[in-house]
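Here is what each chain is made of, one letter per residue.
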Amino acid sequence: MGAVSLLLQTPTPSPTPDPSTTTFGGLLPVAIPVWLGQIFQTIVVLIGAYLASRIVVQLLGRRVAQRFKRPSLTRTVLRGIRAGVFLLALLSIMNIWGLAIGEIGLSVAVFSAVIGVIVAPIVGSFVSGVFLLADQPYEIGDMIELADTDERGFVEDITLRHTKMFTLDNTFLVIPNGSMRDRDVVNYSAEDSRTRLSLDVLVTYESDIEEARRLIEEAAREVDNVIGGGPNIRVGAARYPSAPTAYINTFGDHGVLLTLRYWVTEPYKLLAARSKVQTNVWTRLEDADVEIAYPHSHLYFDDTSGQLQVSMDEQDGTAGDPAQFSEDAEYREG
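In what follows, the accompanying structure is described. Numbering of residues starts from 1 in each chain and follows the order in which that chain's sequence is written. Reporting in this predicted model follows two pLDDT cut-offs: at least 70 for local features of residues, and 80 or more for side-chain atom pairs to be given and counted; totals over whole chains, interfaces and linings ignore these cut-offs and use all residues. Heavy atoms throughout the structure, all of them, feed into the side-chain values; hydrogens and water do not.

Turning to the overall build of the chain, a few remarks are in order. For the purposes of this entry, the term helix denotes a DSSP run of H or I that reaches at least four residues, the term strand denotes a run of E that reaches at least two, and both are numbered from the N terminus. Per the secondary structure count, the chain includes nine helices and 12 strands. Working definition: with a 1.4 Å probe on protein chains only, accessible area under 20% of the residue-type maximum means buried, over 50% means exposed, and in between means partly exposed. Looking at the chain residue by residue over its 334 residues, the buried ones come to 25%. Put simply, 58% of the contacts in the chain that link residues at least 6 apart link residues at least 24 apart. Surface summary for the chain: the accessible area is close to 23100 Å², and the carbon and sulfur share equals 58%. It only takes one pair of heavy atoms within 4.5 Å for two residues to be counted as in contact. Note on areas: these come from Shrake-Rupley sampling with a 1.4 Å probe, and a residue is covered only by the protein chains present in the view.

As structure tokens, this is what we get:
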């Protein structure tokens, strides 16, 4: 009986687990292949990284915005935080699949020559993006103009790789930062959204010049988005009159050139403002004792101006016939 009792108490040895299967520490009732479990863990890590990045951005977004003030820097820092979270997720995924950093580094070193040629332009764009963020030539929300293409629009986003711009024609441009650094960019709203425009008006010498200047200034002042007066506007160390002012520019060959300078409040309505000002100027000067000059010339001929040499081809035996020449001349004039 003792031997039988001892035999009954001896534990039955458990079967050796198959290394190609796993039960996730007993969480799953059945064993599944290891590679399928690795895929499942990878998906869980990616979902966790996505949710964690959103939570971290929501928690730190306001503080980062208050710290850096500039929207472009704020977005860049928040993108860096997201990238850091996903980098940690990538390291976790590498651990799941049994990959070591040293092995990956060796593989990268082997293919560095080929990869370097492909990655070089991208790296250059990233470096240019860093300089753009540091130099601050424009900011998100600014209205800029590309001098080489005359494209105007608003900066939608600035990343380390490219700049996004919506043009005034409602088109979308994505420009690499390396290209932006090589271009001349005009910023209409970096410090002050007010923009000064000019208009040249040529009036005759017989016109009342002072009256012309007064009427031109009033014509500009009637437009809605033209600044009619107030304190002088500062540009650098200089200050300029805020009200429309017409100056005598030069005394030309065909008249007196007057130059009107005026300020508008909205930089994206420059063409509309200029058109309205020119329309008002035309209307006011037309009803006043002021005549808009235009280039014209007068030619005078008399008996001492010279001689005109005339030759005729022989046609039907009438060459040299004055009567026939007279008829041809009258026909051409008619």
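And the narrative resumes.
As a further point, take the nonpolar core. Definition used in this section: a nonpolar core is a set of buried Ala, Val, Leu, Ile, Met, Phe, Trp, Tyr and Cys residues joined via side-chain atoms within 4.5 Å. Core analysis: the largest hydrophobic core is formed by 26 residues, its most contacted members being Ile216, Leu260, Tyr262, Val277 and Val281. Mapped onto this core, the elements with two or more residues apiece are strand 8 (195-203), helix 7 (209-221), strand 12 (256-264) and helix 8 (270-286). Top contributing element to this core by residue count: helix 7, with six residues. Not counting chain neighbours up to four residues away, the residues in contact with Leu260 comprise Leu197, Ser198, Leu199, Ile216, Glu217, Ala220, Pro244, Thr245, Ala246 and Val277.

Let us look at the side chain of Asp142. With respect to the helices, strands and loops of the structure, Asp142 is situated in the loop between helix 5 (112-135) and strand 3 (143-146). Polar contact is defined as a pair of N or O atoms within 3.5 Å, subject to the rule that within protein one atom must be able to donate a hydrogen and the other to accept it, and that residues adjacent in sequence are counted only when both atoms are side-chain atoms. A polar atom in the side chain of Asp142 sits 2.8 Å from the backbone nitrogen of Glu139.

This paragraph deals with the pattern of salt bridges. Any carboxyl oxygen of Asp or Glu within 4 Å of a side-chain nitrogen of Lys or Arg constitutes a salt bridge here. The full count for this structure, using the stated rule, is eight salt bridges. Between Arg213 and Glu210 there is a salt bridge, with its nearest N and O atoms 3.4 Å apart. A residue pair is termed a helical-turn pair when its members lie 3 or 4 positions apart in one helix, as Arg213 and Glu210 do in helix 7 at three residues. Among the salt bridges present, the one from Glu222 reaches Arg284, with a minimum N-O distance of 2.5 Å. Here Arg284 lies in helix 8 and Glu222 lies in the loop between helix 7 and strand 9 (233-235), a separation of 62 residues in the sequence. Glu222 sits in the partly exposed class, given a relative accessible area of 45%. What you see here is one network of salt bridges that share partners, running through Glu211, Arg214, Glu218, Glu222 and Arg284.

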